[in-house]
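Each chain, written out:
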Amino acid sequence: MNEPITLRVANTEEMRTIYAWVEKQFHAGELKYLSTLERLRAQNRYEVYGLWSGSALIAYALFAFTEDGRFALLDYYAVLPEYQSSGWGGRFLGMLRRELPVEAVILEVEDPKYASDAAEEAHFSRRIRFYERNDCLHTPVNLKLWGYDYTIMTLPIAHTPASSEVHAALEDAYHLFFPPEDYAQNVLFREDE
């Protein structure tokens, strides 16, 4: 790569390009409508970041922000296939940590305890190890979201949030995405003891 590497907020056209990658790289149960994300972005509650080599996209991260702006929920995070296993994921996360104007990032990570088989458990565990290597911390907060089980981690920026702050930030973000009846049926919190 001879082009300069830049981290920047995606413009509208770039957001749509990134969303096309989200559709390819995430399972259907995790997808939100592009129109919802665009509406939230217009309300300053959602943003899309890209890591670029010139005009070529390397990786992307989409965030929902709490109403008070203190926390960001990492909604989607991926490196494009041709750049995977080259260290870009960790570099990108480090750049985001320096760029984001929040106290901490909250991450939903598939919980290996609920994997359907050994291959899926290994995949989920590998993802958790990636976040651990990049300074993310475990919280006692876990949840079942639309039938998928997640353990919640944080990436502290200004401070490490308490579990009550993590829980409140997630509630705030999920109320952005889901109407009350969907929220009540499909967002189920549990805490480790």
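Since the model is a prediction, treat every value here as computed from it, not as a measurement. (Residues numbered from 1 in each chain as written. Predicted model: local features only at pLDDT ≥ 70, side-chain atom pairs only at ≥ 80, totals over all residues. Heavy atoms only, no water.)

Caption draft 1: Just unusual backbone geometry, in detail. Phi angles above zero are rare outside glycine, and Asn44 is one such case at about 60°. With a phi angle near 60°, Ser85 is a residue other than glycine that sits in the positive phi range. Tracing the backbone through its elements, the reader meets Ser85 in the loop between strand 4 (71–79) and helix 3 (88–99). By relative accessible area, which is 85% here, Ser85 ends up exposed. (Helix = DSSP H or I, 4+ residues; strand = E, 2+ residues; numbered from the N terminus. Buried < 20%, exposed > 50% of the residue type's maximum accessible area, 1.4 Å probe, protein only.)

Caption draft 2: How the structure looks around the pairing of strand 2 (residues 46–53). Of all eight residues that make up strand 2, eight are buried, and the element is covered over most of its length. Here strand 2 shows no split at all, with Tyr46, Val48, Gly50 and Trp52 on one side and Glu47, Tyr49, Leu51 and Ser53 on the other all buried. As defined by bridge partners, strand 1 (residues 5–9) adjoins strand 2 across five bridges and the pair is classed as antiparallel. Considered in strand 2, the bridge of Thr6 is made with Trp52. As defined by bridge partners, strand 2 adjoins strand 3 (residues 56–65) across eight bridges and the pair is classed as antiparallel. Its bridge partner being in strand 3, Tyr49 is matched across the sheet by Ala61. Connecting the antiparallel pair strand 2 and strand 3 is a turn made up of two residues, with Gly54 showing a positive phi of about 60°. (Pairing = 2+ DSSP bridges.)

Caption draft 3: Representation of the environment of Ile106 within the structure. Along the polypeptide, Ile106 turns up in strand 5 (residues 104–110). It is 12 Å that separates the C-alpha atoms of Ile106 and Tyr174, two residues lying 68 residues apart in sequence. Not counting chain neighbours up to four residues away, the residues in contact with Ile106 comprise Phe71, Ala72, Leu73, Leu74, Ile152, Met153, Thr154, Val166, Ala169 and Leu170. (Contact = heavy atoms within 4.5 Å.)

Caption draft 4: A look at helix 2 (residues 34–42). Where helix 2 is concerned, the buried positions are Thr36, Leu37, Leu40 and Arg41. Buried residues in helix 2, looked at end-on, bunch into an arc of 135°, giving them a common side. Buried residues belonging to helix 2 abut strand 1, helix 1 (12–25), strand 2, strand 3, strand 4 and helix 5 (163–177). Directly after helix 2, the chain includes Asn44, whose backbone phi takes a positive value near 60°. (Arc of directions from axis to C-beta.)

Caption draft 5: Quick peek at the sheet that holds strand 6 (residues 137–145). Strand order in the open sheet formed by eight strands is 1-2-3-4-5-7-6-8, and the pairing between neighbours is mixed. This sheet does not close on itself; its edge strands, each paired only once, are strand 1 and strand 8 (187–191). In this sheet, adjacent strand axes meet at a mean angle of 30° when their direction is disregarded. With four bridges connecting them, strand 4 and strand 5 associate as parallel partners. From the neighbouring strand, Phe71 faces strand 5, where its bridge partner is Ala104. Across the sheet, helix 1 touches strand 1, strand 2, strand 3 and strand 4, and the angle it forms with strand 3 is around 90°. On top of the sheet, helix 3 reaches strand 1, strand 2, strand 3, strand 4 and strand 7 (148–156); it is set at about 130° to strand 2, its chief contact. (Axes fitted to C-alpha atoms, helices over the stretch in contact; angles between N-to-C directions.)

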